[in-house]
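Structure assessment
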Amino acid sequence: MDLDEAFLYIGEFGCCQKRLTAFLTLLQVYVACQSMLIVLVGAVPEYLIDNEDISASKEEYTKHLHDTNNFTSIVSEWHLIKNEAYKVNLASSLFFAGLLIGNILFGPLSDKLGRRPVYLSGLFFDITFGYCTALAPSYEVFAVSRFFVGIMNGGMALVSFVLTQEYVGKSYWALTGSLTNLIFAVGIAFYALLGFYIRNWRTLAFVANSPGIFFFLLSFLLPESPRWLYSHGYTTEAEGVLQSMAVGNGVERPVVKLKSCPGTSSKSAHSVFDLVKYGVLRWRTILLMYIWYVCSLVYYGLTLNAGELKGNLYLNVALYGLVEVPAFPLCLYFIEKSWSGRRKATAGFLGFAGFACIFTIFLPETNGDLLNPTVLALFGKLSVSAAFNVVYIYTSELYPTVVSIQGATCGRVLQCSCVLLIKRHGVIKVI
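- Named according to an unreviewed UniProt entry, the protein chain is Solute carrier family 22 member 15-like isoform X2 originating from Xenopus tropicalis.
- In the Subcellular location (unreviewed entry) part of its UniProt record, the protein chain is described as follows: "Membrane".

Below, the structure is given as structure tokens:
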């Protein structure tokens, strides 16, 4: 039998795969906390200067500066105001620059060395550098640690997403992909809740990083991807993983015997260049890169802007996470309908997100309670989150297994590049 037939035999989404998928999707809570850390840790508190005629030097501002908030941040600790204010955005940009590098490095590495060892290594160093962030004695150490957290967090998250797809049958790729993005949104709200109760930025960074230890220890129970093993010629090992899954799914006396994967050996190599080597894949890649870029621009533009809105900081961050939750059932409904599917669903959600964001320009901020720029921006966030959900799934389905992670890598690289553009040019001022 081939691999897809084997999944039908052992169960495409049995008890064993549900446990594995639940674990990897819950990991997104940790990923979200690291991704959104700077929104609260780098928040600018309200402050008073008791002498407006002082010189512009940092030392003089420090002497006459008084915080009026009940929370601390890197701004209040290292006085990152006036001429030093750019350092907050710099730290955020370094994180996303690391995310870009991590996605470039971890994709090919996981193809060559296997999903499991690369994922475990990334998670271990993610936790290590996360604690360096919380204990940083200076801004310079903080910024460098955020860069390395970005490398590990981005690469590890990419490989964990691919694992959620490769542990299950094709019929459930949409479900597992959507669950991953849903839990990421819940993770944003969870981080806002942590920030509401933990007002010291070092304690917040420490607590937000600590769940990683739990996930790291349990990750040793994860098997290697049977799809990676099979596509690289490790047929016997793939059969062993599938039989273990069959036992976990309650299949009695499972016997899994796979055919040799045609045209593939354990020494075969695939790279990102495979995405443009063939005409069909080349056009798919170009179109998907543009779609990923658009999704990232709107999604992160709205998400990172949550800390800049008026009102309660923690409520704003939580709302910008929770508003994504309805995107999950919407995605599952539309992408499984024959009259909609992946392509039309992506176009429709992107269209709604675009119109919502454009109309925010023409509405005054005091335009009532139901129709104002903030409400429209939240609707745009919901729509673009739904589009992002579909694009994640669509990308993995449009490529063969041997280059699927390269396609996801390419999209994630565009995602990180777009966030760097946002941070560099201030595009997040959309409302």
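**Some thoughts on the packing of helix α7 (residues 115–134) against helix α8 (residues 139–166)**
- α8 packs onto α7 with a crossing angle of 150 degrees between their chain directions and a minimal axis gap of 8 Å. Our classification of the angle between α7 and α8 gives roughly antiparallel. Viewed along their axes, α7 and α8 form a crossing whose handedness is left-handed.
- Among the residues making up the contact of α7 with α8, the classes are represented as 14 nonpolar, 6 polar and 4 charged.

**Concerning a nonpolar patch on the surface**
- A cluster of nonpolar side chains, Phe355, Ile358, Phe359, Ile361 and Phe362, forms an exposed patch at the surface whose accessible area comes to about 590 Å².
- Within the secondary structure, Ile358 sits in helix α18 (residues 341–359).

**A closer look at the nonpolar core**
- One finds Ile74, Tyr119, Leu123, Phe142, Tyr191 and Val317 to be the most contacted residues of the largest nonpolar core, which totals 112 residues.
- Tallying contributions element by element places helix α19 (residues 373–398) first for this core, with 12 residues.
- When neighbours within four sequence positions are excluded, Val317 is seen to be in contact with Met36, Val39, Leu40, Ile188, Ala192 and Ala306.

**Side note on the environment of Gly102**
- By the element assignment, Gly102 lies in helix α6 (residues 86–113).
- When the C-alpha positions of Gly102 and Leu158 are compared, they lie 8.9 Å apart, and in sequence the two are 56 residues distant.

**Digging into the packing of aromatic side chains**
- Enumeration over the complete set of coordinates arrives at 28 aromatic pairs.
- The interplanar angle of 75 degrees and the centroid separation of 5.3 Å between the aromatic rings of Phe147 and Phe148 together place this pair among those described as edge-to-face.
- We classify Phe148 as partly exposed; its relative accessible area is 30%.
- Measuring from ring centre to ring centre gives 6.2 Å for Phe355 and Phe359, while their planes differ by 25 degrees; the resulting arrangement is stacked. With a gap of 4 residues between them, Phe355 and Phe359 both fall in helix α18, about one helical turn apart.

Each value, and the rule that gives it
Residues numbered from 1 in each chain as written. Predicted model: local features only at pLDDT ≥ 70, side-chain atom pairs only at ≥ 80, totals over all residues. Heavy atoms only, no water. UniProt positions renumbered as here; feature names shortened; annotations may be inferred. Axes fitted to C-alpha atoms, helices over the stretch in contact; angles between N-to-C directions. Helix = DSSP H or I, 4+ residues; strand = E, 2+ residues; numbered from the N terminus. Parallel < 35°, antiparallel > 145°, perpendicular 65-115°, else oblique. Left-handed = near helix turned anticlockwise from the far one by under 90°. Nonpolar A, V, L, I, M, F, W, Y, C, P; charged D, E, K, R; others polar. Patch = residues over 30% accessible without salt bridge, like charges linked within 9 Å, V, L, I, M, F, W, Y side chains within 5 Å. Areas by Shrake-Rupley, 256 points an atom, 1.4 Å probe, with all protein chains shown as cover. Salt bridge = Lys/Arg side-chain N within 4 Å of Asp/Glu carboxyl O. Core = buried A, V, L, I, M, F, W, Y, C linked by side-chain atoms within 4.5 Å. Buried < 20%, exposed > 50% of the residue type's maximum accessible area, 1.4 Å probe, protein only. Contact = heavy atoms within 4.5 Å. Phe/Tyr/Trp six-rings, centres within 6.5 Å; stacked < 30°, edge-to-face > 60°.

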